[in-house]
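Okay, here's what each chain looks like letter by letter:
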Amino acid sequence: MLKKLFSAGLLISLLVGCQGDPEAKDLAVYIQQDLFNLETNLRAARDQFHDVKSQNEKAQLGVLRSRVLLQLDKYLSGLKKIEPKTGLVLGLNEKGIQEVDETIKLIHEYRKALVKRDSHQVPLIRSKVDAALEDIEEWKTEIKLLAKEKNISLPSERIKN
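Here goes a summary of the coordinates provided. (Residues numbered from 1 in each chain as written. Predicted model: local features only at pLDDT ≥ 70, side-chain atom pairs only at ≥ 80, totals over all residues. Heavy atoms only, no water.)

### Observations regarding helix H4 (residues 87-116)
Here H4 contains 30 residues, and its C-alpha end-to-end distance of 44 Å stays within 8% of the 44 Å for a straight helix at 1.5 Å per residue. Positive phi appears at Arg117, one or two residues downstream of H4, with a value of about 55°. (Helix = DSSP H or I, 4+ residues; strand = E, 2+ residues; numbered from the N terminus. Expected span 1.5 Å × (residues − 1).)

Here is the structure:
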């Protein structure tokens, strides 16, 4: 009887041990599916913002409203729809939402400065937007480093150029 009880306990502990790290599994889904599916929106917003900076104010206003903000709004709504299962991923996702939300607010400020043709504020706010976009990239780098720490493959590593 004691042998059967010990064997059952050992079997249960092996099954529990084989499930792996729930944070690593949740992080893998977050990186390989959730963020990967949204990456196009962020990349398009960033590229369009950098491309439009050299254009005139009227062109900048149109592109910022119709393309950059649209793509960032899609990215933000996608982040908000993600339902993490662990506190680690929840914290990472909340930080991402905060960074993207701040960037959107700054782009709205930038548009207002362009409308007012405030030559003193435009370069200052534009540099703040650049810094906010860089903060998003730092957040993504933090996620990538955490993935490497937990031996999670990144989608970009699976794509051959």
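### Re the nonpolar core
Grouped together as the largest cluster of nonpolar side chains are 42 residues, with contacts concentrated most on Tyr30, Leu79 and Trp139. For this core, the secondary structure elements donating two or more residues are helix H2 (22-52), helix H3 (57-81), H4 and helix H5 (121-149). Apart from the residues within four sequence positions on either side, Leu79 is in contact with Tyr30, Leu35, Leu38, Asn93, Gly96, Ile97, Val100 and Trp139. (Core = buried A, V, L, I, M, F, W, Y, C linked by side-chain atoms within 4.5 Å. Buried < 20%, exposed > 50% of the residue type's maximum accessible area, 1.4 Å probe, protein only. Contact = heavy atoms within 4.5 Å.)

### Examining the side chain of Arg111
Looking at where Arg111 falls in the secondary structure, it is placed in helix H4. With no salt bridge to any partner, buried Arg111 finds its closest opposite charge in Asp73, at an N-O distance of 9.8 Å. The residues contacting Arg111, other than those within four sequence positions of it, are Leu61, Leu64, Arg65 and Leu69. (Lys, Arg positive; Asp, Glu negative; His and termini not counted. Salt bridge = Lys/Arg side-chain N within 4 Å of Asp/Glu carboxyl O.)

### Here we look at the packing of aromatic side chains
Summed over all chains, the structure comprises one aromatic pair. Between Phe49 and Tyr110, the aromatic rings sit 6.0 Å apart at their centres with planes inclined by 70°, giving edge-to-face as the arrangement. Here Tyr110 lies in helix H4 and Phe49 lies in helix H2, a separation of 61 residues in the sequence. This pair shows no difference in class: Phe49 is buried, exactly as Tyr110 is. (Phe/Tyr/Trp six-rings, centres within 6.5 Å; stacked < 30°, edge-to-face > 60°.)

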